[in-house]
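Chain and residue survey
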Amino acid sequence: MAAQKLAGVKGMNDLLPQTSARWQRFEEIVASWARSYGYSQIRTPIVEPTPLFARGLGTVTDIVEKEMYSFRDALNGEELTLRPEGTAGVVRAVIEHNLLYDGPRRLWYLGPMFRHERPQRGRYRQFHQVGVEALGYGGPEVDAEVIAMGQRLWDDLGIEGLQLQINSIGDAPERARHRQDLIDHFEKHAELLDEEAKRRLHANPLRILDSKNPAMQEIIEQAPRLIDYLEGPSREHFEQLRGYLARLGIEATLNPRLVRGMDYYNRTVFEWVTDRLGAQATVCGGGRYDALIEMLGGKPAPACGFAIGVERLLDLVEQAGGLGEGDAPDVYLISSGDGTMAAALHTAEALRARGIEVLMHAGGGSFKSQFKRAGASGAHLALVIGEDELKAGEATLKWLREGEAGQGGRQVRIRLDDAPEAVGRALLGQTDED
Ligand code: HAM
């Protein structure tokens, strides 16, 4: 009896070769984009101690209450969690390695995150984020730069139709005053609250504003708005930010209901949303978190950042026509006949030493079947080593694609010793007669 097939974990996807080429191209773009803003990459573990997220994100949040993959280490009993987001781990690492000792830091990361949500288009249990964190910076110019950074990435990727929503949720004293009024407001309408909202009413009433329950939208709509509670410094911070964004030509819509899903935020919060991804409309979210570093045991330092959902972003990239990615080799190397495989292996290495991408045919077969594979590979050139060629110390170079300098189908004999130079010239579009 055949063994039963095993399937992957629901909501966790395989990236198959066709898709991974697109991801690689995207990762290259992201790395140079981050560099152009002076960000360095940080790579933190996928598993962190559970208290990091409970303390960092807040115990009364959707993520911590119901979405974390948490488990006890069977060997030492430690409570561990697959990271549901990147900010807490980055801050933990920054404190642990004292990275702010000689001034602020701009860090970025890319990697898988885990949330036990109900899978659907754009919502997975393992998904990926690109995140940026500007640590040790308190001024609104950094909020503005971080937002400009997001905008530039959408432009670099050719994505349109993203709307930027911003809000300020003020500082702790402002939130405390708002909180009391919010509790009063919801208590007045207690009969309209669902179970979750009732539970959160005194623990974390701000989270009720996050609720998607249609029956509660009206009382949420009528709730007091945090932005109306802002005083001097946080109001000024927000006004300066809006001034900078206007100067940068970045359109931002004020959304006074935007509160974000974690407790670490203060002052600026923002999200880019789109109507092109079905129900999962948020592509990127972030904001300022001036108290988190101290809350996790570090010396007080302000910070600001955001994270992009890579799957959602790449969905938009595809809709906009893709990145022109592809993993077609430069050369498909064909060989057949006595002694030709050793020459093929050797020649392939010589080409690669010159930076040429070579797909060497392996597994034998007729010239005809090998040419078929060469065509399917998308290679620009085929390099053919048959017995005749080998005896003469030569190879045949054949142009595979029509339309490239009108050369499709054309072929020339070249010296095997000279293959790296000849192939290099051919790839630059120069023929041997040039
Ligand atoms: P977040 O809004 O929870 O923020 O996640 C950021 C982005 O990750 C979302 O806008 C969305 O595109 C994507 N995302 C979240 N959950 C899923 C999912 N289940 N499947 C697919 N994509 C998803 C944070 O994580 C903060 N750490 C952002 C931040 C960085 N704030 C300051 N610095």
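Residues numbered from 1 in each chain as written. Predicted model: local features only at pLDDT ≥ 70, side-chain atom pairs only at ≥ 80, totals over all residues. Heavy atoms only, no water.

Overview of the sheet that holds strand β9 (residues 266-273)
Test applied: Note on pairing: DSSP must find at least two bridges between two strands before they are called paired. Per the convention used, a helix needs a DSSP run of H or I reaching at least four residues, while a strand needs a run of E reaching at least two, with both numbered from the N terminus.
In space, the eight strands of this open sheet follow the order β1-β5-β6-β11-β10-β9-β7-β8, with mixed pairing throughout. Taken across any chain shown, the strands that pair with only one partner, and hence form the sheet edges, are β1 (40-41) and β8 (253-254). Bridge count for strand β5 (residues 105-114) against strand β6 (residues 126-135) is ten bridges, and the pairing is antiparallel. Each residue of the ladder has a partner; that of Met113, found in β6, is Phe127.

Some remarks on the site of the ligand
This is how the line gets drawn: For this description, a residue counts as near a given molecule or strand if any of its non-hydrogen atoms is within 4 Å of it. Here a polar contact is taken to be a pair of N or O atoms separated by no more than 3.5 Å, where protein atoms must pair a possible hydrogen donor with a possible acceptor and residues adjacent in sequence count only if both atoms sit in side chains. For the area figures, the Shrake-Rupley method with a 1.4 Å probe applies, and any residue is considered shielded solely by the protein chains shown.
In the region of the ligand, 25 residues are neighbours, and Glu85, Thr87, Glu117, Glu133 and Tyr265 sit closest. Contact between the ligand and Thr282: an oxygen atom at 2.9 Å from a main-chain N or O atom of the residue. Backbone polar atom of Phe306 to a nitrogen atom of the ligand: 3.4 Å apart, as the coordinates give it. In the complex, the protein chains occlude 95% of the 650 Å² of accessible area that the ligand would expose alone.

Topic: the packing of helix α1 (residues 17-35) against helix α11 (residues 310-319)
Which entries qualify depends on this criterion: Axis definition: a line fitted to C-alpha atoms, limited for helices to the stretch in contact. Angles are taken between N-to-C directions and run from 0 to 180 degrees. Every angle not falling under 35 degrees, over 145, or within 65 to 115 is termed oblique; those three ranges are roughly parallel, roughly antiparallel and roughly perpendicular. Here, residues are in contact when the closest pair of their heavy atoms is within 4.5 Å.
In contact at an axis separation of 12 Å, α1 and α11 are set at 100 degrees when each is read in the N-to-C sense. With respect to α11, the element α1 is oriented roughly perpendicular. The segment α1 lies against α11, with Arg22, Trp23 and Phe26 engaging Val310, Glu311, Leu313, Leu314 and Glu318.

Quick notes on the pairing of strand β15 (residues 394-399)
With four bridges connecting them, strand β14 (residues 381-386) and β15 associate as antiparallel partners. Counted as the bridge partner of Leu383 is Leu397 from β15. Pairing of β15 with strand β16 (residues 411-415), which is carried by five bridges, proceeds in the antiparallel orientation. By the bridge assignment, Thr396 is partnered in β16 with Arg413.

Comments concerning the pairing of strand β10 (residues 282-288)
Working note: regular strand, side chains alternate between the two faces of the sheet. Stated precisely, the cut-off is as follows: Burial status follows relative accessibility: with a 1.4 Å probe on protein chains alone, a residue under 20% of its type maximum counts as buried, one over 50% as exposed, and anything between as partly exposed.
For β10, the tally of buried residues reaches six of seven residues, placing the bulk of the element in the interior. As paired elements, β9 and β10 share six bridges and run antiparallel to each other. Counted as the bridge partner of Glu271 is Gly285 from β10. For β10 and strand β11 (residues 303-309), the ladder comprises five bridges, and the chain directions are antiparallel. From the neighbouring strand, Gly285 faces β11, where its bridge partner is Ala307.

Section: a nonpolar patch on the surface
Threshold: Within the patch definition used here, like charges are joined within 9 Å and nonpolar side chains (Val, Leu, Ile, Met, Phe, Trp, Tyr) within 5 Å, considering only residues with over 30% relative accessible area and no salt bridge. Counted as salt bridges are all cases of a side-chain nitrogen of Lys or Arg within 4 Å of a carboxyl oxygen of Asp or Glu.
A surface patch of nonpolar side chains, amounting to about 210 Å² of accessible area, comprises Ile46, Val47 and Phe71. Structurally, the position occupied by Phe71 is in strand β3 (residues 69-72). The exposure class of Phe71 is partly exposed, given its relative accessible area of 37%.

Section: helix α7 (residues 195-203)
Stated precisely, the cut-off is as follows: As used here, the arc is the angular range of directions from the helix axis to the C-beta atoms.
Listing the buried residues of α7 in full gives Ala197, Arg200 and Leu201. Around the axis of α7, the buried residues are gathered within 130 degrees of arc, so they sit on the same side.

Observations concerning the packing of aromatic side chains
Under the convention used in this document: Think of it this way: a Phe, Tyr or Trp ring, Trp meaning its six-membered ring, pairs with another when their centres are within 6.5 Å, and the plane angle makes it stacked under 30 degrees, edge-to-face over 60, tilted otherwise.
Under the counting rule described, the total for this entry stands at seven aromatic pairs. Geometrically, the ring pair formed by Trp33 and Phe306 is tilted, given 6.5 Å between the ring centres and 40 degrees between the ring planes. Here Phe306 lies in strand β11 and Trp33 lies in helix α1, a separation of 273 residues in the sequence. A relative accessible area of 2% places Trp33 in the buried class.

Re the domain arrangement of the protein chain
Rules: Each domain's extent was defined by an automatic or database domain assignment.
Split by domain assignment, the protein chain resolves into domain 1 (17-170 + 230-320) and domain 2 (331-428). Placing a centre on the C-alpha atoms of domain 1 and another on those of domain 2 gives a separation of 47 Å.

Section: helix α4 (residues 87-96)
Along an α-helix, residues three or four positions apart point the same way, because every turn accommodates 3.6 residues. In terms of burial, α4 is largely enclosed, as eight of its ten residues are buried. The set of residues buried in α4 consists of Thr87, Ala88, Gly89, Val90, Val91, Arg92, Ala93 and Val94. Where α4 is buried, its residues meet β2 (47-49), α2 (50-57), β5, β6 and α10 (292-295). Just past α4, the residue Asn98 takes up positive phi, approximately 50 degrees.

Thoughts on unusual backbone geometry
A negative phi angle characterises most non-glycine residues, just as the trans form characterises most peptide bonds. At Asn98, a residue that is not glycine, the phi angle is positive and equals roughly 50 degrees. Within the secondary structure, Asn98 is located in the loop between α4 and β5. Judged by relative accessible area, Asn98 falls into the partly exposed class, the value being 49%. In this structure, Arg260 is a non-glycine residue whose phi angle is positive, near 70 degrees. Along the chain, Arg260 turns up in the loop between β8 and β9.

Some words on the environment of Thr347
Tracing the backbone shows Thr347 in helix α12 (residues 340-353). Along the backbone, Thr347 and Ile166 are 181 residues apart, and their C-alpha atoms lie at a distance of 58 Å.

Considerations on the UniProt feature "binding site: L-histidine" (unreviewed entry) in the protein chain
The cut-off we apply is this: UniProt positions are given in the numbering used here, feature names are shortened, and annotations may be inferred rather than shown by experiment.
Feature annotation in UniProt assigns "binding site: L-histidine" (unreviewed entry) to the following positions: Glu85, Gly86, Thr87, Arg115, Gln129, Glu133, Arg260, Tyr264 and Tyr265. Excluding its chain neighbours within four sequence positions, the residues that come into contact with Gln129 are Glu85, Gly86, Tyr109, Leu110, Gly111, Met113, Arg115, Ala307, Ile308 and Val310. With near-sequence residues (within four places) excluded, Glu133 lies in contact with Tyr39, Thr87, Val90, Arg105, Arg106, Leu107, Tyr109, Tyr289, Cys304, Gly305 and Phe306. Engagement of the side chain of Glu133 in a polar contact is seen with the side chain of Tyr109, the distance being 2.9 Å.

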